[in-house]
Amino acid sequence: MAKKKLKIGFAGVGSMGQCAHLKNYISLPEECRVVAIADPREKTAKAVAARYHIPKVYQSGGEMLKNEDLDAIIASQPFWRHGIILKELSKSGLPILIEKPLAASIQVGKKVLKMLNKNDCRLMVGYHKRSEPAVQYAKEQILAFQKSKELGSM
């Protein structure tokens, strides 16, 4: 039996949406297909859609959800917008990925969790460790080894 490709919608295609998420999902054509982008910045959304051959562009997540049959949503937004965007997206009941942290305050975080439970919506909070001192140190060491060629080609 053929494996089902997940149909992914993106709510937000700013710098993190493009650099940390979209290009990675696009590189997995056997597993998923990005079928739509929702971003209020129409010019940006259309340019990103054209670059990555994404067929549909919408002004809002709600509009995207009304018109697309999605399996999951990537909502790459500034964390202070999670309480706003998740109110709209969680109604779909689809799994959603956001960046850390969950919310800008404990109060908003509690509201978001209540919303997610009410809508039976699963949420994953992505955490990239690129800013941790140990990861930065490892990167510096790798760059030094690449430059010195001490360990050969890297």
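For the structure itself, look to the data block above.
Everything quoted here is computed from the prediction, not taken from an experiment.

Visitor: Describe the overall build of the protein, naming the residues involved and giving the relevant values.
Guide: Summing up its helical and strand segments, the protein has six helices and six strands in all. Tracing the protein from N to C terminus, the helices and strands come up as β-α-β-α-β-α-β-α-β-α-β-α. With the C-alpha coordinates of the protein rotated into their principal frame, the extents come out at 55 × 40 × 40 Å. Counting the 154 residues in the protein, one finds 35% classified as buried.

Visitor: I'd like a rundown of the sheet that holds strand β4 (residues 72-74), residues and numbers included.
Guide: The strand order across the open sheet built from six strands is β3-β2-β1-β4-β5-β6, with neighbouring strands paired in parallel fashion. The open sheet has two edge strands, β3 (56-58) and β6 (123-126), and neither has a second partner. Taking each pair of neighbouring strands and ignoring which way they run, the sheet shows an average axis angle of 25°. In this sheet, strand β5 (residues 96-99) lies alongside β4 in parallel orientation, the contact comprising two bridges. The residue bridging I73 from the neighbouring strand is I96, located in β5.

Visitor: Lay out the pairing of strand β1 (residues 6-11) in plain terms, naming residues and giving numbers.
Guide: Where β1 and strand β2 (residues 32-38) come together, six bridges link them in parallel fashion. Opposite K7, over in β2, you have R33 as the bridge partner. Where the polypeptide runs from β1 across helix α1 (residues 15-26) and back to β2, its parallel neighbour, the crossover connection is right-handed.

Visitor: Give a description of the environment of A103 that names residues and reports values.
Guide: Its location among the elements puts A103 in the loop between β5 and α5 (106-118). As for A103 and Q141, which are separated by 38 residues in sequence, their C-alpha atoms are 34 Å apart. Other than its neighbours up to four places away in sequence, A103 contacts F79, H82, V108 and G109.

Visitor: Lay out the nonpolar core with the relevant residues and their values.
Guide: Counting 20 residues, the largest nonpolar core has L70, I73, L89 and I96 as its most contacted members. Elements with a minimum of two residues in this core: β2, α3 (61-67), α4 (82-89), β5 and α5. For L89, the contacting residues outside a window of four places in its chain are A11, G61, L65, I73, A75 and I96. Counting residues in each nonpolar core, the second largest holds 15 residues, with I8, L22, V34 and A49 among its members.

Visitor: Hey, could you go over a positive patch on the surface for me, with residue numbers and the actual values?
Guide: Among the surface-exposed residues, K87, K91, K111, K114 and K118 lie close enough to one another that they form a single positively charged patch. Here the positive patch takes three residues from α5, the largest share from any one element. A relative accessible area of 59% places K111 in the exposed class.

Visitor: Tell me about the environment of N67, and please be specific about residues and values.
Guide: Position of N67 among the secondary structure elements: in helix α3. As a C-alpha pair, N67 and S15 span 52 residues in sequence and 25 Å in three-dimensional space. Within the structure, the side chain of N67 is placed 2.8 Å from the backbone oxygen of E63, a separation counted as a polar contact.

Thresholds, definitions, all that
- Residues numbered from 1 in each chain as written.
- Predicted model: local features only at pLDDT ≥ 70, side-chain atom pairs only at ≥ 80, totals over all residues.
- Heavy atoms only, no water.
- Helix = DSSP H or I, 4+ residues; strand = E, 2+ residues; numbered from the N terminus.
- Buried < 20%, exposed > 50% of the residue type's maximum accessible area, 1.4 Å probe, protein only.
- Pairing = 2+ DSSP bridges.
- Axes fitted to C-alpha atoms, helices over the stretch in contact; angles between N-to-C directions.
- Right-handed = clockwise from strand over helix to strand, strands pointing away.
- Contact = heavy atoms within 4.5 Å.
- Core = buried A, V, L, I, M, F, W, Y, C linked by side-chain atoms within 4.5 Å.
- Patch = residues over 30% accessible without salt bridge, like charges linked within 9 Å, V, L, I, M, F, W, Y side chains within 5 Å.
- Areas by Shrake-Rupley, 256 points an atom, 1.4 Å probe, with all protein chains shown as cover.
- Salt bridge = Lys/Arg side-chain N within 4 Å of Asp/Glu carboxyl O.
- Lys, Arg positive; Asp, Glu negative; His and termini not counted.
- Charge placed at Lys NZ, Arg CZ, Asp CG, Glu CD.
- Polar contact = N/O pair within 3.5 Å; in protein donor to acceptor, adjacent residues only side chain to side chain.

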